[in-house]
Structure formats: C-alpha cells, structure tokens
Amino acid sequence: MMELTLIGQDPGLRRLLKAAKVVAATDANVLLIGESGTGKEVLARSLHRWSPRATGDFVGVRCTGLEQSPDLPALCEQGLGQGTLFLDEVAELTPAAQAGLLRCLEVLALDRSLPAMRVIAATARDLGALVRDSSFRRDLYHRLCVVPLELPPLRERVGDIALL
C-alpha cells in the first residue's frame, strides 16, 4: 500500500511537519485542526509512521453519527496496544459518546496493566468554541488537545498548488 504524505514547500507547512516529527517521538495525544481536505488523516498516519508505535496498529474511528464511544479498553485487548487510535471528526460525538470516551481515556491513563496507546483526534470545527458554549466537554478537550497542530488550507499555500 502506498504511503500518503503531505506535499508542499510552504514555510508554514514545513514548520508544521517539523513540529509533527518532534511530537511523533512522544506519547502525547494530538489534536489535528483544519478544514475538510487539509490532510488531517494523512498527517495522523504520518505521526503514527514516524513514531515508535509504527509497528503497532493504526485504527481509525469516524465519530460522525457515533452514538457510543469506541470501547478503547477492548481495542487495546484486541491488539491496538502500543498503536494509535485516530478519532476523525471528534467534534461530532454526541454528549453520551463524549462521556464514554472520557471514561475510557481515564481508565487507560490510570490502569497501567493496559498497554498505552496514543490518541490522535481531528476536527474541522473550533473545539474551543464548542467548549465555551458547552457543546463539547472541557475535560475531554484537555485530554485530547495535549498538542494541537493546525493544518493550513491550500488557499493559504498557493505556492504549493503546482507541486500538487
């Protein structure tokens, strides 16, 4: 399978990729912020590939329409272990799914018998604004947004159009 990668020479994109490579070496959860089509999933896969977790699984969960949270402990037991869980469009989680996801993340943080996994969440929406209007849980936001990385839209990287 061909590995996708973000392409561009834009200085802002280059800085983002440099920061992403530093973050990849850590265990920190990452929140990818960017409009639809900016390459959030491509960057999430790159973070996984550049990390010590590269030999573990990369599991993607689309949060749109998800009524319950993913069963993170069960995913660990099924082999995610030292891998990466990618939560795409995390802002779309229902309040019940947010509570369940927070509970699972807390269990994983406290229970050292479970293999540690990294969570990378992505959103096109302003989670900070959703927290302020109580549409998204503040405690969950802080668990997911340990390291925020914002992907610039192509209209701000017009020099990269020819490369693409």
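None of the values given here were measured: they were computed from a predicted structure.

Cut-offs used in this document
Residues numbered from 1 in each chain as written. Predicted model: local features only at pLDDT ≥ 70, side-chain atom pairs only at ≥ 80, totals over all residues. Heavy atoms only, no water. Phe/Tyr/Trp six-rings, centres within 6.5 Å; stacked < 30°, edge-to-face > 60°. Helix = DSSP H or I, 4+ residues; strand = E, 2+ residues; numbered from the N terminus. Buried < 20%, exposed > 50% of the residue type's maximum accessible area, 1.4 Å probe, protein only. Lys NZ or Arg CZ within 6 Å of the ring centre and 35° of its normal. Contact = heavy atoms within 4.5 Å. Expected span 1.5 Å × (residues − 1). Arc of directions from axis to C-beta. Salt bridge = Lys/Arg side-chain N within 4 Å of Asp/Glu carboxyl O. Pairing = 2+ DSSP bridges. Axes fitted to C-alpha atoms, helices over the stretch in contact; angles between N-to-C directions.

## With respect to the packing of aromatic side chains
Counted under the stated rule, the structure contains one aromatic pair. For the pair Phe58 and Phe86, a centre-to-centre distance of 5.9 Å together with 25° between the ring planes defines the contact as stacked. On the criterion of sequence distance, the pair formed by Phe58 in strand S2 (residues 58-62) and Phe86 in strand S3 (residues 84-88) is long-range, its members being 28 residues apart. Residues Phe58 and Phe86 agree in their burial class; the two are buried. The side chain of Lys21 reaches across the aromatic face of Trp50, ending 4.9 Å from its centre.

## A short note on the side chain of His48
For His48, the location among the structural elements is in helix H2 (residues 40-50). Look at His48 and you get buried, because its relative accessible area is 8%. Contact partners of His48, with chain neighbours within four places excluded, come to Arg53, Ala54, Gly56, Asp57, Phe58, Gly83 and Thr84.

## Overview of helix H1 (residues 11-24)
A rise of 1.5 Å per residue sets the reference length of H1, with its 14 residues, at 20 Å; its end C-alpha atoms lie 20 Å apart and thus fit the reference within 8%. Inspection of H1 places Leu13, Leu16, Leu17, Ala20, Val23 and Ala24 among the buried residues, and these make up the whole buried set. The arc that holds every buried residue of H1, seen down its axis, measures 120°, which confines them to one face. Exposed residues on H1 whose side chains face more than 90 degrees from its buried face are Pro11, Arg15, Lys18 and Val22.

## Structural notes on the pattern of salt bridges
Using the criterion set out here, one finds seven salt bridges in the structure. Arg62 is the salt-bridge partner of Asp88, the closest N and O atoms lying 3.2 Å from each other. Pair noted here: Asp88 is in strand S3 and Arg62 is in strand S2, with a separation of 26 residues, a long-range link. Of the charged contacts, one joins Arg157 and Asp160 as a salt bridge, the two residues approaching to 3.0 Å between their closest N and O atoms. Classification of Asp160 as buried rests on a relative accessible area of 2%.

## Re the pairing of strand S5 (residues 147-150)
The alternating pattern of S5 places Val147 and Leu149 on a buried face and Pro148 and Glu150 on a face that is not buried. Relative to S5, strand S1 (residues 30-33) runs parallel, the two being bridged by four bridges. Residue Ile33 lies in a different strand from S5, and its bridge partner there is Glu150.

## Considering the environment of Pro95
Within the secondary structure, Pro95 sits in helix H4 (residues 95-110). Taking relative accessible area as the criterion, Pro95 reaches 64% and is therefore assigned exposed. Sequence separation of Pro95 and Ser134 is 39 residues, and the distance between their C-alpha atoms is 9.9 Å.

## Some details on unusual backbone geometry
With phi around 55°, Glu89 is a residue other than glycine that occupies positive phi space. Tracing the sequence through the fold places Glu89 in the loop between S3 and H4. Residue classification places Glu89 among the buried positions, given a relative accessible area of 15%. Even without being glycine, Ser134 reaches a positive phi, approximately 65°. Structurally, Ser134 can be placed in the loop between helix H5 (127-132) and helix H6 (138-144).

## Brief notes about the sheet that holds S2
Ordered by their spatial adjacency, five strands build an open sheet running S2-S3-S4-S1-S5, and the pairing between neighbours is parallel. Each edge of the sheet is formed by a strand with only one pairing partner; in this case those strands are S2 and S5. Between one strand axis and the next, the sheet turns through 20° on average, direction left out of account. Pairing analysis gives five bridges linking S2 to S3, with the strands arranged parallel. Its bridge partner being in S3, Val59 is matched across the sheet by Leu85. Across the face of the sheet, H1 comes into contact with S1, strand S4 (118-123) and S5 while running at roughly 155° to S5.

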